[in-house]
Amino acid sequence: MRLTPPTQYVFYASVVLGVAALVLYGLGVLGLMDAAHHFAFWTAIVAWLGLIVGVAARGI
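All of these numbers come straight from a predicted model, not from anything done at the bench.

### As for the packing of aromatic side chains
Tallied over the full model, the rule gives 2 aromatic pairs. Between Phe41 and Trp42, the ring centres sit 5.1 Å apart and the planes meet at 80°, which makes this aromatic pair edge-to-face.

### Comments concerning the environment of Val55
Among the structural elements, Val55 can be located in helix 2 (residues 36-56). Spatially, the C-alpha atoms of Val55 and Thr7 are 7.4 Å apart, while their sequence positions differ by 48 residues.

### Looking at helix 2
Three- or four-residue spacings in an α-helix give side chains the same orientation, since the helix completes a turn every 3.6 residues. The end-to-end C-alpha distance of helix 2 is 30 Å, a good match for the 30 Å that 21 residues give at a rise of 1.5 Å each. Burial in helix 2 covers these residues: Ala36, Ala40, Thr43, Ala47, Gly50 and Gly54. For helix 2, the arc enclosing every buried residue in end-on projection is 85°, short of the 170-degree limit, so these residues lie on one face. Exposed side of helix 2, more than 90 degrees from the buried face: Trp48, Val53, Val55 and Ala56 are the residues found there.

The rules behind the values
Residues numbered from 1 in each chain as written. Predicted model: local features only at pLDDT ≥ 70, side-chain atom pairs only at ≥ 80, totals over all residues. Heavy atoms only, no water. Phe/Tyr/Trp six-rings, centres within 6.5 Å; stacked < 30°, edge-to-face > 60°. Helix = DSSP H or I, 4+ residues; strand = E, 2+ residues; numbered from the N terminus. Expected span 1.5 Å × (residues − 1). Buried < 20%, exposed > 50% of the residue type's maximum accessible area, 1.4 Å probe, protein only. Arc of directions from axis to C-beta.

Following this line, the structure appears as structure tokens:
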């Protein structure tokens, strides 16, 4: 897959946010953080929206 410079940074940011969502979910499952499930859900949504923006901005 070939990424152009603007979408490349959006893709990497989305991957980082996705990993952060997984870590937050894991913290919630282990009981180490009280509202981690809530934060993990919204972090995953932001990562998904970032991927959508990257795809939409691909031709720009």
